[in-house]
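# Structural overview
Here are the chains, one letter per residue:
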Amino acid sequence: EIPRMDLNAMEENYRQKNRTCFILGASGETGRTLLKEIVERNIFSKITLIGRRQLTFEDKAYENLVQKVVDFEKLDEYAEAFQGHDVGYCCLGTTKAKAGAEGFVRVDHDYVLKSAELAKAGGCSHFHLESSKGADKTSSFLYLKTKGQVEAEIEDLGFERFSVYRPAVLLVDREESRPAEWVAQKFLGAFSSVFPTMSIRITAVARAMVVNTLKDGEKKVEILENKAICNLGQIGDKK
Ligand code: NDP
């Protein structure tokens, strides 16, 4: 349990280190929430967004962001974009419904792994991966298998610190319509106190990623299951 005061002290302490970071997937639901947390807390000396398109932000707080637009099909040609970041956050992902089975593997496995490789080569020491509850490389479900595989392959890259987050269903007011997700959310949201392991607020995932960045890592590789994300994700909330 980290009280609010300590969180401020941890932020201040981290700020002194002058670390830089990049975010993959900053246009997505988790990524944009994470970006907001990171910008508001001002814990990095430089924030770089790496994505397939340029993003626009109204808020002045975002004006110092660096953006690198890359072609994920030819990532090797964009190795420079991944150079010189201490910390990397990956919130990239698509769905089978949007991209087909092959397209899903291409994004959630190929793009993610290649990005991690380039980040490692570029000097990144702490890599954060948003994976999923149930990720398991031996699963017969494509989704869980792909998530488990990419976790294991990134682990093999040997980052100084590798943090894997395995959230359950994300509770969010998504801009695009995903009817099945909406139904699941209405149900799980209503019953989240009864089934706390089945869902999580997206703001809690983002907060957990930030708090975990500020904490000293006890292990080289850490896997945060939904419960652990929930716990870290409420640190700093007003009671
Ligand atoms: P979103 O779908 O909201 O955002 C996905 C991000 O990935 C966007 O930034 C998007 O960029 C980028 N992206 C998607 N396809 C491509 C592509 N072909 N090329 C380049 N970039 C691409 O993500 P969520 O926040 O919902 O999920 C983040 C991660 O968490 C995913 O890996 C997901 O599998 C996982 N997860 C999700 C759960 C859920 O309930 N939704 C539960 C557990 C885990 P652009 O804006 O340009 O499309």
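The structure displayed is predicted, hence computed values, not measured ones.

## A few points about helix α3 (residues 96-121)
Compared with an ideal rise of 1.5 Å per residue, which puts 26 residues at 38 Å, α3 spans 30 Å between its outermost C-alpha atoms and falls more than 12% short. Restricting attention to buried positions, one finds in α3 the residues Gly103, Phe104, Val107, Asp108, His109, Tyr111, Val112, Leu113, Ser115, Ala116, Leu118 and Ala119. Tucked inside the fold, the buried residues of α3 contact β1 (20-24), β4 (87-90), β5 (126-130) and α4 (142-157). At the exit of α3 stands glycine 123, carrying a positive phi of roughly 105 degrees.

## A short note on the confidence of the model for the protein chain
Per-residue confidence for the protein chain gives a mean pLDDT of 92, with 90% of residues at or over 70. In the predicted complex, the global pTM is 0.93; the interface-specific ipTM is 0.99.

## Topic: helix α7 (residues 226-233)
Along α7, the positions that sit buried rather than exposed are Asn226, Ile229, Leu232 and Gly233. Summarising the axial view, the buried residues of α7 lie within an arc of 130 degrees, below the 170-degree limit, and thus occupy one face. Buried residues along α7 sit in contact with β6 (161-166), β8 (199-201), α6 (202-214) and β9 (221-225).

## Overview of the sheet that holds β1
Sheet architecture is open: seven strands sit in the order β3-β2-β1-β4-β5-β6-β9, paired in parallel fashion. Two strands lie at the open edges of the sheet, namely β3 (66-69) and β9, each paired on one side alone. Neighbour to neighbour, the strand axes of the sheet diverge by 15 degrees on average, direction disregarded. Of the strands in this sheet, β1, β2 (46-51), β4 and β5 are in contact with helix α2 (residues 29-41), which crosses β2 at around 170 degrees.

## Quick look at the pattern of salt bridges
On inspection of all chains with the given rule, the structure shows 20 salt bridges. The partner of arginine 207 in a salt bridge is aspartate 237, with the nearest N and O atoms 3.0 Å apart. One end of the pair, arginine 207, is in helix α6; the other, aspartate 237, is in the segment after α7, with 30 residues separating them in the sequence. The buried category is assigned to arginine 207, whose relative accessible area is 11%. With relative accessibility at 29%, the residue aspartate 237 sits in the partly exposed group.

## Re the packing of α2 against α6
At a minimum axis separation of 9 Å, α2 and α6 run at an interaxial angle of 50 degrees. Classified by the angle their axes make, α2 and α6 are oblique. When the axes of α2 and α6 are compared, the crossing they make is right-handed. Across the interface between the two elements, Glu29, Thr30, Thr33, Leu34, Glu37, Ile38 and Arg41 from α2 touch Ile202, Thr203, Val205, Ala206, Arg207, Met209 and Val210 from α6. For the contact of α2 with α6, the residue count by class is seven nonpolar, three polar and four charged.

## Here we look at empty space enclosed by the protein
By the definition in use, this model includes one cavity of 30 Å³ or more. Considering only enclosed or pocket space, the largest cavity measures out at about 30 Å³ in volume. In this structure, the largest cavity is lined by Leu92, Asp108, Val112, Leu129, Glu130, Ser131, Lys147 and Val150. Looking at the lining of the largest cavity, its residues break down into four nonpolar, one polar and three charged.

## Quick notes on the site of the ligand
Taken together, 27 residues are adjacent to the ligand, and Ser27, Thr30, Arg52, Arg53 and Lys147 come closest. Contact distances for the ligand include 2.7 Å between an oxygen atom and a side-chain N or O atom of arginine 53. Between an oxygen atom of the ligand and a main-chain N or O atom of leucine 92, the distance comes to 2.8 Å. In the complex, 87% of the free accessible area of the ligand, which totals 920 Å², lies under the protein chains. Going through the elements one at a time, α2, α3, α4 and β7 (169-171) are the ones with two or more residues in the shell around the ligand. Considering each element in turn, the shell around the ligand owes the most residues, three residues, to α3. Grouping the amino acids of the shell around the ligand by side-chain chemistry returns ten nonpolar, eight polar and nine charged.

What counts, and at which threshold
- Residues numbered from 1 in each chain as written.
- Predicted model: local features only at pLDDT ≥ 70, side-chain atom pairs only at ≥ 80, totals over all residues.
- Heavy atoms only, no water.
- Helix = DSSP H or I, 4+ residues; strand = E, 2+ residues; numbered from the N terminus.
- Expected span 1.5 Å × (residues − 1).
- Buried < 20%, exposed > 50% of the residue type's maximum accessible area, 1.4 Å probe, protein only.
- Contact = heavy atoms within 4.5 Å.
- pLDDT = per-residue confidence, 0-100.
- Arc of directions from axis to C-beta.
- Pairing = 2+ DSSP bridges.
- Axes fitted to C-alpha atoms, helices over the stretch in contact; angles between N-to-C directions.
- Salt bridge = Lys/Arg side-chain N within 4 Å of Asp/Glu carboxyl O.
- Parallel < 35°, antiparallel > 145°, perpendicular 65-115°, else oblique.
- Left-handed = near helix turned anticlockwise from the far one by under 90°.
- Nonpolar A, V, L, I, M, F, W, Y, C, P; charged D, E, K, R; others polar.
- 1 Å grid on protein atoms, 1.4 Å probe; cavity = no way out; pocket = protein on both sides within 12 Å on 5 of 7 lines; lining within 4 Å.
- Points joined across faces, edges and corners; volume = space filled by probe spheres on them.
- Near = heavy atom within 4 Å.
- Polar contact = N/O pair within 3.5 Å; in protein donor to acceptor, adjacent residues only side chain to side chain.
- Areas by Shrake-Rupley, 256 points an atom, 1.4 Å probe, with all protein chains shown as cover.

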